[in-house]
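Fold and contact review
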Amino acid sequence: MAKKLALIASKGSLDWAYPPFILASTAAALDYEVQIFFTFYGLTLLKKDVSDLKVSPLGNPAMPMPVPMPNLAQMLPGMESMATMMMKQKIANKGVASIETLREACLESGVKLIACQMTVDLFDFKPDDFIEGIEFGGAATFFEFAGASDVNLFI
Amino acid sequence: MEFDKEVDARNLNCPLPILRCKKGLSDMAAEQTLKIMATDPGSVKDFEAFCKQTGHELLQMDEADSVFTFYIKKHVSE
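Residues numbered from 1 in each chain as written. Chains lettered and ligands numbered in written order. Predicted model: local features only at pLDDT ≥ 70, side-chain atom pairs only at ≥ 80, totals over all residues.

We now examine the overall build of chain B. Tallying secondary structure elements over chain B gives two helices and four strands in all. On C-alpha atoms alone, chain B measures out to a radius of gyration of 11 Å, which is about the 12 Å that the 2.2 N^0.38 rule sets for 78 residues. Expressed along its principal axes, the backbone C-alpha trace of chain B runs to roughly 35 × 25 × 20 Å. The 78 residues of chain B split such that 29% are buried. Long-range contacts, defined here as pairs at least 24 residues apart, represent 60% of the contacts in chain B between residues at least 6 apart. (Helix = DSSP H or I, 4+ residues; strand = E, 2+ residues; numbered from the N terminus. Rg over C-alpha atoms; globule rule 2.2 N^0.38 Å. Buried ≥ 20, exposed ≤ 12 C-beta atoms within 10 Å, placed from the backbone. Contact = placed C-beta atoms within 7 Å.)

This is the structure:
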């Protein structure tokens, strides 16, 4: 019987969008059965348009910067856009997949994507905001699969 | 080495070489050999791990000019 991987994706910034989609697509390639439960800010990763995901250096002292910058300067207008632009440039230069590509790979390989119904309601998102082929469910839905999984990760 | 299909995963980073490999194998017959090229240094360990976990056989791995070439024989599915 196939191994199972259950992920919770709770973050919606460009950098944190990678781990769930990388792990899920790779696990699917290794013949795992995979489900990702998207909750809170992670729901952003299921939006039709994910081209506006951002990364912020603010409060993130481990983020490599071309020049050392005090935290206070990182809250200046434009810093987030600049950091995002730099990150996207690096992603393209290093042959790292885009989030769209990895998400597509997940869908193609049968990874089940589940949106947390409670947070969809909380943030007033509409089912129409999201890509096709996802499901909606609650914590019990997650446990139905996670309880029988070999690997469970909260991201 | 003889092969039945070739996939170019050069200049792609993790996990794309593995995903391309999986896709490449999907429409091949059992016992056929896939040649796949990659430049990601992490792919050396990753392809070993991929084969170990999926049952495909890593026949050979070569390195020349920072390009890694893998020959993978598709397993006979149950």
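The next thing to look at is the interface of chain A and chain B. The interface is formed by eleven residues belonging to chain A together with eleven residues belonging to chain B. The dominant element in the side of chain A that touches chain B, judged by the number of residues it contributes, is helix 1 (residues 14-29) of chain A, at four residues. Considering only residue class, the side of chain A that touches chain B consists of six nonpolar, three polar and two charged. (Nonpolar A, V, L, I, M, F, W, Y, C, P; charged D, E, K, R; others polar.)

Residue and element names in this part refer to chain B. Read from one edge to the other, the open sheet built from four strands follows the order 1-2-4-3, with strand pairing classed as mixed. Where the open sheet ends on each side, the last strands, each with one partner, are strand 1 (5-9) and strand 3 (57-64). Neighbour to neighbour, the strand axes of the sheet diverge by 15° on average, direction disregarded. In this sheet, strand 4 (residues 67-73) lies alongside strand 3 in antiparallel orientation, the contact comprising seven bridges. Bridging across to strand 4, E57 finds its partner in K73. Along the sheet, helix 1 (residues 16-26) makes contact with strand 1, strand 2 (33-38) and strand 4, crossing strand 1 at roughly 160°. (Pairing = 2+ DSSP bridges. Axes fitted to C-alpha atoms, helices over the stretch in contact; angles between N-to-C directions.)

This next bit is on the sheet that holds strand 5 (residues 151-154) of chain A. All names here are of chain A. Across the sheet, five strands lie side by side as 4-3-2-1-5; this open sheet has parallel pairing. Strand pairing shows two members of the sheet lacking a second neighbour, strand 4 (135-137) and strand 5, which therefore form its edges. Each neighbouring strand pair of the sheet contributes to a mean axis angle of 20°, computed without reference to strand direction. Bridging between strand 2 (residues 33-38) and strand 3 (residues 112-116) involves four bridges; their strand directions are parallel. Looking across to strand 3, one finds that Q35 is bridged to K112.

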